[in-house]
Amino acid sequence: MRKIIVLSMITLDGVMQAPGGPKEDTSGGFKYGGWTEPYGDEVYGKVVQEELQPADYLLGKKTFEIWAGYWPEHGDFWPGINAGTKYVFSKNLKKSDPLVTGWKNSVVIKSVSDIKKLKSLPAGKQSSKSADIQVWGSSKLIQLLLKNDLVDELRLKIHPLTLGKGKKLFANGTIPAAFTLTESIVTPGGVIIASYKRAGKVKTGTIEV
């Protein structure tokens, strides 16, 4: 079975909208696009490069539209992004849409059942390079995945700031779930980069004092 891995840059209050630039996603009147820029350093950059390994990608429609307008012409920075299969989750986007047909290896999927089918396929059936399915951006899609317990790993870059408004990683509807910290590092700029693996049900108890 393939793993679904969520990779996300977030603030302390969980905002993940438009980390890369002012014009990336201004929906909802968001004014802080590019908020990750002050925290870039050699350690941060090295982690990002390690994450840009060949994989398949599961994206929400908004993220897919942004990426389809950029990455086909900038593949030198991310060699695997054009070769990997891009699954765009959308109930309205058509397979014949120019965005889909114009970016090679792009496929439209429309339901949670479709995602479960992708996840159940053994490595090699859809990608010759990796069993992993990476999710970048795509806040609504991530919340749908969390609601249906389809996230195997979270790879988070937690930045030391709050924004108060914007699209968030977690929202109402996320099911209770436990995760185990598998790897972590703190960059010189104060970004906590942490990986979490799904670890069963939430356990409760009483703290003795």
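For the structure, check the block above.
Residues numbered from 1 in each chain as written. Predicted model: local features only at pLDDT ≥ 70, side-chain atom pairs only at ≥ 80, totals over all residues. Heavy atoms only, no water.

## Description of the nonpolar core
Next up, step 1: Ranked by size, the top nonpolar core spans 30 residues in total, and within it Y57, F64, W67, W78, I81, W103 and W136 carry the most contacts.
Next up, step 2: For this core, the secondary structure elements donating two or more residues are β1 (4-11), α1 (42-51), β2 (56-60) and α2 (61-68).
Next up, step 3: In this structure F64 touches L59, K86, V88, L93, L99, V100, W103 and S106, once residues within four positions along its chain are discounted. (Core = buried A, V, L, I, M, F, W, Y, C linked by side-chain atoms within 4.5 Å. Buried < 20%, exposed > 50% of the residue type's maximum accessible area, 1.4 Å probe, protein only. Helix = DSSP H or I, 4+ residues; strand = E, 2+ residues; numbered from the N terminus. Contact = heavy atoms within 4.5 Å.)

## Points about the packing of aromatic side chains
Next up, step 1: Counted under the stated rule, the structure contains ten aromatic pairs.
Next up, step 2: Considering the side-chain rings of W67 and W78, the 5.3 Å spacing of their centres and the 70° angle between planes classify their relative orientation as edge-to-face. Of this pair, W67 sits in helix α2 while W78 sits in the loop between α2 and α3 (79-83); the two residues are eleven residues apart in sequence, bridging distant segments of the chain. Residues W67 and W78 agree in their burial class; the two are buried.
Next up, step 3: Note on W67 and W136: the rings are 6.4 Å apart at their centroids and 55° apart in plane angle, and the pair reads as tilted. Of the two residues, W67 is situated in helix α2 and W136 in strand β5 (residues 133-136); the sequence distance between them amounts to 69 residues.
Next up, step 4: Of the residues examined, W67 reaches a relative accessible area of 11% and is grouped as buried.
Next up, step 5: Its relative accessible area of 11% is what places W136 among the buried residues.
Next up, step 6: Aromatic ring contacts, followed pair by pair, group Y57, W67, Y70, W71, F77, W78 and W136 into a single cluster.
Next up, step 7: Seen from the ring of F179, R198 lies directly overhead, with NZ or CZ sitting 5.9 Å from the centre. (Phe/Tyr/Trp six-rings, centres within 6.5 Å; stacked < 30°, edge-to-face > 60°. Lys NZ or Arg CZ within 6 Å of the ring centre and 35° of its normal.)

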